[in-house]
Structure formats: C-alpha cells, structure tokens
Amino acid sequence: LLTKLLDSGQAMISSTRLLGRYALRACILNHGTTATDVDSVLQWLATTPVDTTPRRTPLSQKTADVQAGWPLADAATVDELASVPLLAGIDDGWRRWVAAVGRHRLVPAGHSVVRQWQLDRDFYLILAGTAEVSVEEQHVSSLHPGDFFGELAALDWGASFGYPRLATVTATTDLYLLALTDAEMRQLMAAVPAVDARIRAKAAARLRRTSEAPNTDA
C-alpha cells in the first residue's frame, strides 16, 4: 500500500510498528500540507484495494539480481561466521542459528543491495566482497567483509519509530551477503548481549553522523 501511494505521486508516508504490529505512519512533512491534503490521503488509503493475504516473498523474487550460479552460492558455515566481528566470541549454537535462518544473497558488482528511502527492513552481514555507501549519489564510505549494514531500518527506535533506508549500498565487487529479517536480528540481539551492544553502538554512531552532516552508512 505504501508503494502504491508513492507510485501515485499523491503523497509519501512512512511505516512503523505499534505493539508489534505493522502500521502506516502519516506525518506532515511539508509546511504547505493542508487538511484537505490529509483528508485526500486518508480517503485514498481507505478506498485503494490491497491484498492482505499473509505471505513470505520468495528470495528469488525479492532479490532479482541474485545470480544462483555464482561460485559462492554454498550456505555459510559456522566456521565462516566465526570470522565475522559481529558474531565473534558468541556461542556456537547461535552462530548455527544465524547460518540456518539467514538467507544467502549474491549481488553482482554494480548492483544495489538497498536504495535510499526504501522501506524494507532486512539486515545484512558481508561475508565476501566490497560495497560502497552513498547518500544522494555522493560516496560516503566503503564496506568490507565482516561489516554489517541495515540495522537502522531493522531496529525500532523510540515508540516504535521505523526508519527508511538512509543510504544506498552498491556492490563494488561480487558481493556475498547473509540477510536476516528485522525480527531475526532483534531475536539475536535479545539472546546475545554482545551482539546487541555491537549493533546498537554502530547504529548510534551512524545516527550521530546523520545529525552532524548529510552522511550515513545505511
């Protein structure tokens, strides 16, 4: 429904979670917005048909840029994840859990993994390859094996506020990723305090950078 509204050119709204449920979040972002504008968006939302059947989008459909024949298509192993700084020193059982629930995404060089202002919530660990981070098409930083990104969109902040993607991440080489859903990432954080601390520290640093300058990571 969010995508349909954005594509219509009529308005843009964001998303959030209330008591664990996904919700649409209408904020007045423009000083010129009037009550008539708000009413028209509410009317549009009330009358636009949407398929509410619960479903999980197949990975092959969600990641159209995946190349299944890429040599690194094998599943991640516990030993491989042990070299990822985010998971360093944690119990092998949780590394096995990450390897089991994570989706292995292979992104060719030059393709975007996430784009600025997208509303998806996946969290990514880089297992192999490199990527660049850009904001408004300006290079901000580079990402390397062991780095992670997407935590800002995956986390709920302050009364369940949900962030869109704050940057675009593009593969600069063939990129081998392990993706977790936002729920999986939060489950891991709740179970492993060290992971929780590392993700929140990185997220806080990226938010500080965002508030100080128009630069962030993802």
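Everything numeric here is computed off the predicted structure, so don't read it as measured data.

Caption draft 1: View of helix α7 (residues 182-191). Among all positions in α7, only D182, E184, M185, L188 and M189 are buried. The arc that holds the buried residues of α7, viewed along the axis, is 165 degrees, so those residues lie on one side.

Caption draft 2: Up close: the sheet that holds strand β6 (residues 131-135). Ordered by their spatial adjacency, four strands build an open sheet running β4-β11-β6-β7, and the pairing between neighbours is antiparallel. Two strands lie at the open edges of the sheet, namely β4 (112-114) and β7 (138-143), each paired on one side alone. For this sheet, the mean inter-axis angle between neighbouring strands, taken without regard to orientation, is 30 degrees. Pairing analysis gives two bridges linking β4 to strand β11 (residues 168-171), with the strands arranged antiparallel. Counterpart to S112 in the pairing with β11 is T170.

Caption draft 3: Representation of the packing of aromatic side chains in the model. Evaluation of the coordinates by the stated rule reveals three aromatic pairs. Residues F123 and F148 carry aromatic rings whose centres are separated by 5.5 Å and whose planes lie at 50 degrees to one another, so their mutual orientation is tilted. With a gap of 25 residues between them, F123 in strand β5 (residues 123-128) and F148 in strand β8 (residues 148-149) connect regions that are remote in the sequence. For the residue pair F123 and F148, the accessibility class agrees, reading buried in each case.

About the cut-offs
- Residues numbered from 1 in each chain as written.
- Predicted model: local features only at pLDDT ≥ 70, side-chain atom pairs only at ≥ 80, totals over all residues.
- Heavy atoms only, no water.
- Buried < 20%, exposed > 50% of the residue type's maximum accessible area, 1.4 Å probe, protein only.
- Helix = DSSP H or I, 4+ residues; strand = E, 2+ residues; numbered from the N terminus.
- Arc of directions from axis to C-beta.
- Pairing = 2+ DSSP bridges.
- Axes fitted to C-alpha atoms, helices over the stretch in contact; angles between N-to-C directions.
- Phe/Tyr/Trp six-rings, centres within 6.5 Å; stacked < 30°, edge-to-face > 60°.

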